[in-house]
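Residues per chain are reported as follows:
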Amino acid sequence: MLLCTIMPGNIDMPPPSEVRQRAILERLDRFSRLMDSSIGLPFTRFRIGIEAIIGLLPVVGDMAGLILSGYVLVEAQRAGASKAVKLRMFRNMVIDFLGGLLPVVGDAFDAVYKANTRNTRLLRNYLEKELAIEPPPPPFPWGTLIGLSILFAVITGGLSLIL
């Protein structure tokens, strides 16, 4: 169960767990593959997705592609992505939309640009930095402790002999 503090004009939600973020990335990988590279073109290594096919419909197809691409942005919000990452994702969506509006060339642009894959990669990179395992603390300096203890014992022993 997620707990959140709601104050007027402010919704403060705890950051999603690592398991939840990994599940989001798995869903986005499947979605991006479907939208950007699910269909192999015969006799080539090039792949296109459903978005490129939808984009063949002038304007309406590009609008539908933009709306579908919004799913990645919604998932980025759920995953707790930073504002900068979401802005870059939005920029990719706008570039894909505007590029797709170009007559003739726009359809090829849709097939090549693959905004959903780019956005999923952006979110993955962000989350991997956020989820990076902190390096373990340095080992306790036993050698230094033992050396200083011996030095202190020698000094104390020497002083006791002198006095």
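Coordinates for the structure precede this section.
Parameters at a glance
- Residues numbered from 1 in each chain as written.
- Predicted model: local features only at pLDDT ≥ 70, side-chain atom pairs only at ≥ 80, totals over all residues.
- Heavy atoms only, no water.
- Helix = DSSP H or I, 4+ residues; strand = E, 2+ residues; numbered from the N terminus.
- Buried < 20%, exposed > 50% of the residue type's maximum accessible area, 1.4 Å probe, protein only.
- Contact = heavy atoms within 4.5 Å.
- Areas by Shrake-Rupley, 256 points an atom, 1.4 Å probe, with all protein chains shown as cover.
- Axes fitted to C-alpha atoms, helices over the stretch in contact; angles between N-to-C directions.
- Parallel < 35°, antiparallel > 145°, perpendicular 65-115°, else oblique.
- Nonpolar A, V, L, I, M, F, W, Y, C, P; charged D, E, K, R; others polar.
- Salt bridge = Lys/Arg side-chain N within 4 Å of Asp/Glu carboxyl O.
- Core = buried A, V, L, I, M, F, W, Y, C linked by side-chain atoms within 4.5 Å.
- Polar contact = N/O pair within 3.5 Å; in protein donor to acceptor, adjacent residues only side chain to side chain.
- Phe/Tyr/Trp six-rings, centres within 6.5 Å; stacked < 30°, edge-to-face > 60°.
- Lys NZ or Arg CZ within 6 Å of the ring centre and 35° of its normal.
- Patch = residues over 30% accessible without salt bridge, like charges linked within 9 Å, V, L, I, M, F, W, Y side chains within 5 Å.
- Lys, Arg positive; Asp, Glu negative; His and termini not counted.
- Charge placed at Lys NZ, Arg CZ, Asp CG, Glu CD.

## Considerations on the overall build of the protein
For step 1, the next point in the chain: What the protein contains, in helices and strands, is seven helices and four strands.
For step 2, the next point in the chain: Per-residue burial over the protein gives 28% buried out of 163 residues.
For step 3, the next point in the chain: Within the protein, contacts between residues separated by at least 24 positions form 57% of all contacts whose residues are at least 6 apart in sequence.
For step 4, the next point in the chain: Carbon and sulfur atoms provide 71% of the accessible area of the protein, an area that totals close to 11,400 Å².

## Thoughts on unusual backbone geometry
For step 1, the next point in the chain: We note that Phe43 has phi near 65°; this positive angle belongs to a residue other than glycine.
For step 2, the next point in the chain: By the element assignment, Phe43 lies in the loop between strand 3 (39–40) and strand 4 (47–48).
For step 3, the next point in the chain: A relative accessible area of 88% means that Phe43 is categorised as exposed.

## Here we look at the packing of helix 3 (residues 60–79) against helix 4 (residues 83–101)
To characterise two packed helices, one gives the angle between the axes of the helices and the distance between these axes.
For step 1, the next point in the chain: It is at 10 Å that the axes of helix 3 and helix 4 come closest, and there the two elements cross at 170°. With respect to helix 4, the element helix 3 is oriented roughly antiparallel. Counting all contacts with helix 3, which are made through Asp62, Met63, Leu66, Ser69, Gly70, Val72, Leu73, Ala76 and Gln77, the residues of helix 4 involved are Lys86, Met89, Phe90, Met93, Phe97, Gly100 and Leu101.
For step 2, the next point in the chain: Of the residues belonging to the contact of helix 3 with helix 4, the class tally is ten nonpolar, four polar and two charged.

## Overview of the pattern of salt bridges
For step 1, the next point in the chain: Applying the stated criterion across every chain, the model contains three salt bridges.
For step 2, the next point in the chain: Between Glu75 and Arg27 there is a salt bridge, and its shortest N-O distance comes to 3.1 Å. One end of the pair, Glu75, is in helix 3; the other, Arg27, is in helix 1 (residues 18–37), and 48 residues separate them in sequence.
For step 3, the next point in the chain: The class for Glu75 is buried, based on a relative accessible area of 1%.

## A word on the nonpolar core
The tendency in soluble globular proteins is for nonpolar side chains to be buried as a group.
For step 1, the next point in the chain: By size, the foremost hydrophobic cluster in this structure holds 15 residues, and its most contacted members are Ala81, Met89, Leu123 and Leu127.
For step 2, the next point in the chain: For this core, the element with the highest residue contribution is helix 1, accounting for five residues.

## Describing the environment of Thr44
For step 1, the next point in the chain: As for its placement among the helices and strands, Thr44 is situated in the loop between strand 3 and strand 4.
For step 2, the next point in the chain: Looking at Thr44, the relative accessible area reads 45%, which means it is partly exposed.
For step 3, the next point in the chain: Within polar-contact distance, the side chain of Thr44 engages the backbone oxygen of Leu41 at 2.9 Å.

## Let's talk about the packing of aromatic side chains
For step 1, the next point in the chain: Taken as a whole and judged by the stated rule, the model has three aromatic pairs.
For step 2, the next point in the chain: Centre to centre, the rings of Phe109 and Tyr113 are 5.2 Å apart; their planes meet at 15°, and the pair counts as stacked. Residue Phe109 and its partner Tyr113 are both found in helix 5 (residues 105–113); the two are separated by four residues, about one turn of the helix.
For step 3, the next point in the chain: On the basis of relative accessible area, Phe109 is assigned to the partly exposed category, the value being 26%.
For step 4, the next point in the chain: With a relative accessible area of 12%, Tyr113 lands in the buried category.
For step 5, the next point in the chain: The cationic tip of Lys114 hangs over the ring face of Phe46; the distance from NZ or CZ to the ring centre is 5.2 Å.
For step 6, the next point in the chain: Here Arg118 stacks its cationic end above the ring of Tyr113, 4.0 Å away from the centre of that ring.

## Comments concerning a positive patch on the surface
For step 1, the next point in the chain: Residues Arg88, Arg91, Arg118, Arg121 and Lys129 make up a contiguous surface patch of positive charge.
For step 2, the next point in the chain: Secondary structure elements with two or more residues in the positive patch: helix 4 and helix 6 (115–130).
For step 3, the next point in the chain: With three residues, the single largest contributor to the positive patch is helix 6.
For step 4, the next point in the chain: Checked against the element boundaries, Arg121 lands in helix 6.

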